[in-house]
Amino acid sequence: MSNNRAGLAMHRRQFFQTAAAASCGFSLCAFGQLIPPKPGTVRDKLWLFSNPRNADFELLRKRSVMSPFEAAVYMGIPNIMMVQQYPEKGQESWYQPWEPPFEQYTVPLSMLKRVAWSLTGGGGTTKDWERKQVLSMAHKTPNIVGLYLDDFFHDPKDKEVASLTLDQLRDVRRQIKGPDKKMDLYVTFYTQFLNRPLGEYLKLIDVITLWGDPVKDSSNLALLEKLAPNSRKMLGLYTTDYDKKRVPAWIGMPVPAMQRQCEVALECLREGRIEGVIIYGGTTLDLGFASVDWTREWIRKVADTKL
Amino acid sequence: MKRTEAGIVASRRRFLQSIAAISAGLAFPHSAAGQLCPVQPGTVRDRLWVFCNPVNADYDIVRRRTVMSPFESAVFMGAPNIIMTNQYPGAGEEEMYRKIGYKPWESPFEQYAFPLRMLKRVVWSIVGAGGVTNDSERKEVMAMAFKIPNIVGIYMDDFFHDKSDPTPASLTLDQLRDIRRQLKGPGKKLDLYVTLYTNQLDRPIGEYLALCDVISLATWEPAELANLEANLAKLEKLAPKSRIILSCYTAAFDGKQVPHWTALPVPAMQDQCEVGLRWLRQGRIDGICIYGNFLDFDWECMRWAREWIRKVGDTQL
């Protein structure tokens, strides 16, 4: 810190400016009680991935009662991905998918900064009528900034490459890049897809969200940067550890692994290699996982620092 | 303010202190887990509450789906305090509620309190809607209330029964005294809250009310809103030592129409909020409670109330 007179005057001015901005921000944010994130901060780039309440019961075998909005505010995250999920046969009593009119769910979400809503939901499920309604809602709702394609790419053994054809994807893109409100197209991309020939699809995507095993370093991101050099990227961080042979398949992620992936993601964010960090997720935050407590505290510490 | 040298120094110091306080106050929630505005003591906002049941609990009287949770309602309205009141489907309503997938809050209740920890004050029901209560729920709620720091009281909704009912209330005086003993024991102190409808003001319930710390005065019939002033005066006489919260519905009840509840006209909403604010400033009441269910219906009276809170919330009492 400089110690000359000009420097002192500058700091003093900054102090008063900050205080004044803070006091203005106070009354501005009071409508709905949420404080908007400051542009250029880490918080502004944080997202929460959320499904309908309790949608992950099968994996967790523990009840969650938190709504997506509650989860976002609880974590201190101002942006949310709303990803639809339908229960499989026999699991209907576990949770309810979002049902139309979807606009009603956006009432509390209007207090968040950015919302991306799914056109293809958990398991890659998509329906014509739902895509139509979601697209219409997205054009009408100011803070919906994008459409999300979850579990979009299928297993190699599946006869369809993805949940939508290239032509369908081009059509969606035409609708969201038209003369009116412009929106982005987001997709879930698992690290095991990095060697698949999906370049044609990825060219039609604005933001690729990279998910996989706990992020230990940025090597997978480097591969994605080669595969889709023109797309923006985000890193998805699970708060759970997956083992398909275990019941429940998801348990809390060990804290050192959670810490490692948060720190790697923050470094990539500061380097400008990614434009957002996504925390998973709405269904895992009220289960008492230490990884969630740690992440919440980490967000509290780093969120308002400048990028 | 006197412009003496000492005065200037003092006011400069106060100015700097207040700026520091503002930035500290803001920095805290801004950087705290959660992104909620701070509530300044001594402001109107600090005294605002929302009353909430489980999501969709009012389906039988509004016949429309709501998807908004209690916490969402509180933040949406800009109210930092919440009354959480459980509700079980009434007799004959089970099928209707099953069809819409309604669920009362189920044990463990603590899980519902995760997001609520970000609010300033929470009060939780031991007697729920319709005056329903049971031993195990009372026990669990009391244990939770002692453990969770921002639970400041226990609520008894629809506590007083119809005149035709053989029992005057959902709990006996002895049961109430026992609860009070627990709430006022050597550990954390909690307050006892109760719903009292204006049409119950003439009932001989003084002994019960004397055991309650806070009475939430509710006007069920919209026509009765014209008598708010007289009703508050009656209550002040009936329970001179209790604190009072003015409960404000957003819906107008008409037992002859379906749905029974429709949007309360804006002038009626405005009247009760403004009367409540005057009483709050006069120190006659302790708080104003907005009915917080189904705020996602976007009724005009709700929009009005939200805007009103935005305007008056941060003013000093």
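Residue positions are given per chain, counted from 1 along the sequence in the order it is written. Whichever chain is written first is A, and whichever ligand is written first is 1; the rest continue in order. The predicted nature of this model means local features are confined to residues of pLDDT at least 70 and side-chain atom pairs, given and counted, to a pLDDT of 80 or more, with totals for whole chains, interfaces and linings taken over all residues.

Caption draft 1: Spatial organisation of the overall build of chain A. Helix and strand definitions here come from DSSP, where helices need a minimum of 4 consecutive H or I residues and strands a minimum of 2 consecutive E residues; each element is numbered from the N-terminal end. Within chain A, the secondary structure is distributed over 10 helices and 10 strands. Expressed as a percentage of the 307 residues in chain A, the buried residues total 41%. Any pair of residues counts as being in contact when their C-beta atoms, constructed from backbone geometry, are within 7 Å of one another. Within chain A, contacts between residues at least 6 apart in sequence are counted, and of these 75% link residues at least 24 apart. Residues with at least 20 other C-beta atoms within 10 Å of their own are called buried, those with 12 or fewer are called exposed, and the rest are partly exposed. The C-beta atoms themselves are positioned from the backbone.

Caption draft 2: Up close: the overall build of chain B. When helices and strands are counted, chain B shows 11 helices and 10 strands. Each of the 317 residues in chain B was classed as buried or not, and the buried ones make up 43%. The contacts of chain B with a sequence gap of at least 6 include a subset with a gap of at least 24, amounting to 74%.

Caption draft 3: Structural view of the packing of helix α10 (residues 266-282) of chain B against helix α11 (residues 300-312) of chain B. Residues and elements named next belong to chain B. Packing of α10 against α11 brings their axes to within 9 Å, and their N-to-C directions diverge by 30°. On the basis of the axis angle, α10 is roughly parallel to α11. Regarding α10 and α11, the two cross each other, and that crossing is right-handed. Where α10 abuts α11, its residues Val266, Met269, Gln270, Cys273 and Leu277 lie against Glu300, Cys301, Trp304, Ala305, Trp308 and Val312. Every axis corresponds to a line fitted to the C-alpha atoms, with the helix fit spanning only the stretch in contact, and the corresponding angles, defined between N-to-C directions, vary from 0 to 180 degrees. In what follows, roughly perpendicular refers to angles from 65 to 115 degrees, roughly parallel to angles under 35, roughly antiparallel to angles over 145, and oblique to any angle outside these ranges. Left-handed describes a crossing whose near helix is turned anticlockwise from the far helix through less than a right angle; right-handed describes the clockwise counterpart.

Caption draft 4: Main features of helix α6 (residues 135-147) of chain B. Residues and elements named next belong to chain B. Multiplying 1.5 Å by the residue count of a helix minus one yields the expected span of that helix. End to end, α6 covers 19 Å across 13 residues, agreeing with the expected 18 Å (1.5 Å per residue, within 8%). When we look at burial in α6, the residues that qualify are Glu137, Val141 and Ala145. On an axial view of α6, the arc spanned by its buried residues comes to 65°, and they lie on one face. α6 presents Asp135, Ser136, Lys139, Ala143 and Lys147 as exposed residues on the side facing more than 90 degrees away from its buried surface. Elements that come into contact with the buried residues of α6 comprise β3 (121-127) and β4 (151-156). Note: the arc covers the axis-to-C-beta directions of the helix.

Caption draft 5: The arrangement of the sheet that holds strand β7 (residues 243-248) of chain B in detail. Residue and element names in this part refer to chain B. Read around the barrel, eight strands follow the order β1-β2-β3-β4-β5-β6-β7-β10 and close on themselves; strand pairing throughout is parallel. Ignoring strand direction, the axes of neighbouring strands in this sheet form an average angle of 25°. Both β7 and strand β10 (residues 287-291) contribute to a ladder of four bridges, which runs parallel. Along β10, the bridge assignment pairs Ile245 with Gly287. Against the sheet, α6 contacts β3 and β4, and its axis sits at roughly 160° relative to β3. Each of β7 and β10 is contacted by α10, which is oriented at about 165° to β7, the strand it contacts most. Any two strands with at least two DSSP-identified bridges between them are counted as paired.

Caption draft 6: Seen up close, the confidence of the model for chain A. pLDDT: the predictor's confidence for each residue, scored from 0 to 100. Summarising the model, chain A shows a mean pLDDT of 90, and 90% of its residues fall at 70 or more. Contacts for the low-pLDDT stretch residues 1-30 of chain A, under 50 throughout, to residues beyond four places or in other chains number 23 contacts.

Caption draft 7: The sheet that holds strand β4 (residues 144-149) of chain A, seen in detail. Residue and element names in this part refer to chain A. As summarised here, the arrangement of the eight strands in space is β1-β2-β3-β4-β5-β6-β7-β10, forming a closed barrel in which the pairing is parallel. Strand after strand, the sheet turns through a mean of 25° between neighbouring axes, direction not considered. Those strands touched by helix α9 (residues 255-270) are β7 (232-237) and β10 (276-280), and its axis lies near 165° from that of β7.

Caption draft 8: Structural detail: helix α10 (residues 290-302) of chain A. Residues and elements named next belong to chain A. In this model, α10 (13 residues) spans 18 Å end to end at C-alpha, consistent with the 18 Å of a helix rising 1.5 Å per residue. Buried within α10 are the following residues: Ser291, Val292, Thr295, Arg296 and Ile299. For α10, the angular spread of buried residues about the axis comes to 135°, placing them on one side. Projecting away from the buried face of α10 at angles above 90 degrees are the exposed residues Glu297 and Lys301. Its buried side turned inward, α10 meets β1 (46-50), α3 (68-75), β9 (250-252), α9 and β10.

Caption draft 9: How the structure looks around the pairing of strand β2 (residues 79-82) of chain A. All names here are of chain A. By the alternation rule, side chains of β2 split into Asn79 and Met81 and Ile80 and Met82, which are all buried. Bridge count for β1 against β2 is four bridges, and the pairing is parallel. Looking at β2, one finds that Ser50 is bridged to Met82. The pairing of β2 with strand β3 (residues 114-120) spans four bridges and is parallel. What sits directly across from Met82, in β3, is Trp117.

Caption draft 10: Here's a closer look at the environment of Met81 of chain A. Looking at the element boundaries, Met81 of chain A is found in strand β2. The residues touching Met81 of chain A, leaving out its near neighbours within four places in the chain, are Trp47, Leu48, Phe49, Ser50, Ala116, Tyr148 and Ile278 of chain A.

Caption draft 11: How the structure looks around the environment of Gly276 of chain B. Residues and elements named next belong to chain B. Relative to the elements of secondary structure, Gly276 occurs in helix α10. Along the sequence, Gly276 and Leu228 sit 48 residues apart, while their C-alpha atoms lie 9.5 Å from each other. Once residues lying within four places of it in the same chain are set aside, the contact partners of Gly276 are Leu246, Cys248, Ile285 and Ile288.

Caption draft 12: Layout of unusual backbone geometry. In the segment running from Pro100 of chain A into Pro101 of chain A, the intervening peptide bond is cis, with an omega of 0°. Looking at where Pro101 of chain A falls in the secondary structure, it is placed in the loop between β2 and α4 (106-109). The peptide bond linking Val258 of chain B to Pro259 of chain B adopts the cis configuration, its omega dihedral lying at -5°. Phi at Asn54 of chain A is positive, roughly 70°, even though this residue is not glycine. Structurally, the position occupied by Asn54 of chain A is in the loop between β1 and α2 (57-60). Since 20 C-beta atoms lie within 10 Å of it, Asn54 of chain A is described here as buried. You will see that Phe294 of chain B, though not glycine, has its phi angle at about 50°, which is positive. Of the residues examined, Phe294 of chain B has 25 C-beta atoms within 10 Å and is grouped as buried.

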